[in-house]
Amino acid sequence: MNLTKEEKEMLSGKHGNAVKKSMEILKALGEIYGAKKMISVSSVQIAGVSYDNLGEPGLEFLAEMAKDGKTRVLTTLNPAGMDMENWRALGIQEEFAEKQEKVINAFARMGVITTCTCTPYLIGNCPHFGEHIAWSESSAVAFANSVLGAYTNREGGPSALAAALTGKTPEYGMHLEKNRQAEVLVELEKPLRETQNFGALGKVVGEKIGNKIPLVVGQDKASLEELKSLSASIATYGGTAMFHMKGITPSKTKKPKEKILVKHSEIEEALAGLTAEGTSDFVSIGCPHASIKEIEKIAKLLEGKKVNKEVWITTARPTKKIADMMGYTKTIEEAGAKFAADTCCVVAPIKGRFNQITTDSAKGCFYAASKNKFKTRIKSIEECIKEACE
Ligand code: F3S
């Protein structure tokens, strides 16, 4: 790889150990993927924050990097394993909380903004069209490439941290125009509405075309919430880092030759396949993290009601602060539902605590079944709240 004078100095250790280690990681990655040079990034989002995933080796790596590492660009974190303020109410053990706090403190020492969310674009880490960034969380990566028109690969935790500490990433993959072209035309039989249906669309398309980039046509409009749901499920079920949607995606693409049709019956089958019989003992909304619009909707649905099971609203802490300000938190908590800020039903250590989850998220269903061994039900937000109150 061709490195600039500054990048060579980073590699030599002139800027400290954390920067040296970071440049080693980035150079190795660039060589594996055939990058010719490094490019500057303006924003970073780091995954691998939950102590449940990191364990002791991950914590040791972060503590080592925090000795002299400092972020050079705007950097935020993916969800942690617990609500950093209200973890006791969510049934998190003291021992886990101590470890999780150590992880967050290591990031804070490096200058990372310790807002733990998979929707950084809702809380001020929001790149614009054409910006090169280094994000980790798969749903946020798909959203950034497809909806915002920013350019990012799906980084691993260490390579995202390395990008934060150097402000660089190797130029390969989704940073190059030629790799961002649609490969399959996906025609929808009928336009969709609501997050659970967009989640089902991501499942159907992902399972049909894998990690190829689709150009979705036939969808007349889509809300931010619907697009975040699609971004999450298409990345989960297929592995793509990007989709094009006519009228939504700002990046240009050639029209692909390969073509598939998604029938409405396939969307219904996908929903049915994720929905077990009976009622659940756990309801969770906010995968990806709930927007303020979704929280407002939940508050209205819960006004004057009481939930009869464990109900989590998972969101970014700054979004919850807006909910506090607007009185939505009070309404939701008076109904007996709980906020789980900074975390989510997938990264929190809740395996074995519940039998069945009801959620509006297809991605949430995937990991609830595979990681936590819960049965799942996918429903609209209205139906989730109705079930919570039964
Ligand atoms: Fe976000 Fe957790 Fe879902 S990280 S996309 S809420 S699995």
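Owing to the predicted nature of the structure, the values given are computational and were not obtained by experimental measurement. (Residues numbered from 1 in each chain as written. Predicted model: local features only at pLDDT ≥ 70, side-chain atom pairs only at ≥ 80, totals over all residues. Heavy atoms only, no water.)

## Some points on the sheet that holds strand S7 (residues 184–188)
Reasoning step 1: Spatially, the four strands line up as an open sheet ordered S9-S8-S7-S10, and their pairing is parallel. The open sheet is flanked by strand S9 (244–245) and strand S10 (258–262), the only strands paired with a single partner.
Reasoning step 2: Relative to S10, S7 runs parallel, the two being bridged by five bridges. Residue pairing across strands places Glu187 opposite Leu261, the latter belonging to S10. (Pairing = 2+ DSSP bridges. Helix = DSSP H or I, 4+ residues; strand = E, 2+ residues; numbered from the N terminus.)

## Quick look at the site of the ligand
Reasoning step 1: Around the ligand, the surrounding shell consists of Pro79, Cys118, Glu137, Ser139, Gly286, Cys287, Pro288, Cys344, Val346 and Lys363.
Reasoning step 2: Class assignment for the residues of the shell around the ligand results in six nonpolar, two polar and two charged.
Reasoning step 3: Three or more residues apiece are contributed to the shell around the ligand by two domains, here domain 1 (5–177) and domain 3 (282–388). (Near = heavy atom within 4 Å. Nonpolar A, V, L, I, M, F, W, Y, C, P; charged D, E, K, R; others polar. Domains from an automatic or database assignment.)

## Quick notes on the packing of aromatic side chains
Reasoning step 1: Evaluated as defined, the whole model comprises eight aromatic pairs.
Reasoning step 2: An aromatic cluster of three or more residues is present, and its members are Phe282, Trp312, Phe354 and Phe374.
Reasoning step 3: One residue, Arg180, lies across the ring of Tyr151, its end atom 3.7 Å from the ring centre.
Reasoning step 4: Across from the ring centre of Phe339, 5.6 Å away, lies the NZ or CZ of Lys320, which sits over that ring. (Phe/Tyr/Trp six-rings, centres within 6.5 Å; stacked < 30°, edge-to-face > 60°. Lys NZ or Arg CZ within 6 Å of the ring centre and 35° of its normal.)

## With respect to the side chain of Asn372
Reasoning step 1: Relative to the helices and strands, Asn372 is located in the loop between helix H13 (362–370) and strand S15 (375–378).
Reasoning step 2: Polar side-chain contacts of Asn372 include one of 3.3 Å to the backbone oxygen of Cys345.
Reasoning step 3: Not counting residues up to four positions away in its chain, the partners in contact with Asn372 are Cys345, Val346, Ile350, Lys351, Gly352 and Tyr367. (Polar contact = N/O pair within 3.5 Å; in protein donor to acceptor, adjacent residues only side chain to side chain. Contact = heavy atoms within 4.5 Å.)

## A few points about the domain arrangement of the protein chain
Reasoning step 1: Segmenting the protein chain into domains produces domain 1 (5–177), domain 2 (181–273) and domain 3 (282–388).
Reasoning step 2: The C-alpha centroid of domain 2 is placed 27 Å from the C-alpha centroid of domain 1.
Reasoning step 3: If you look at the interface, domain 1 gives 16 residues, while domain 2 gives 15 residues.
Reasoning step 4: Both sides together, the interface formed by domain 1 and domain 2 hides about 1,300 Å², and carbon and sulfur atoms give 68% of it.
Reasoning step 5: On inspection of domain 1 and its partner domain 2, the count reaches zero salt bridges.
Reasoning step 6: For the interface between domain 1 and domain 2, the tally reads four residue pairs in polar contact (both at pLDDT 80 or more). (Buried area = accessible area lost by both parts, 1.4 Å probe. Salt bridge = Lys/Arg side-chain N within 4 Å of Asp/Glu carboxyl O.)

## Describing the sheet that holds strand S5 (residues 134–135)
Reasoning step 1: In spatial order, the strands read S4-S3-S2-S5; together these four strands make up an open sheet with parallel pairing. Both outer strands of the open sheet, strand S4 (113–116) and S5, are each paired with one neighbouring strand and no more.
Reasoning step 2: Direction of pairing for strand S3 (residues 74–77) relative to S4: parallel, over a ladder of two bridges. Note on S4: the bridge partner recorded for Leu77 is Cys116.

## Some details on the nonpolar core
The nonpolar side chains of soluble globular proteins are, as a tendency, buried together.
Reasoning step 1: Core analysis: the biggest nonpolar cluster contains 47 residues, and Val44, Phe107 and Met110 have the highest contact counts within it.
Reasoning step 2: Those elements that provide at least two residues to this core are strand S2 (43–46), helix H3 (51–65), helix H4 (94–109) and helix H6 (157–166).
Reasoning step 3: The element best represented in this core is H4, accounting for six residues.
Reasoning step 4: Viewed by domain, this core spans two of them, domain 1 (5–177) and domain 3 (282–388), each represented by three or more residues.
Reasoning step 5: Counting 41 residues, the second-largest nonpolar core is a separate cluster that includes Val186, Phe198, Ile209 and Leu271. (Core = buried A, V, L, I, M, F, W, Y, C linked by side-chain atoms within 4.5 Å. Buried < 20%, exposed > 50% of the residue type's maximum accessible area, 1.4 Å probe, protein only.)

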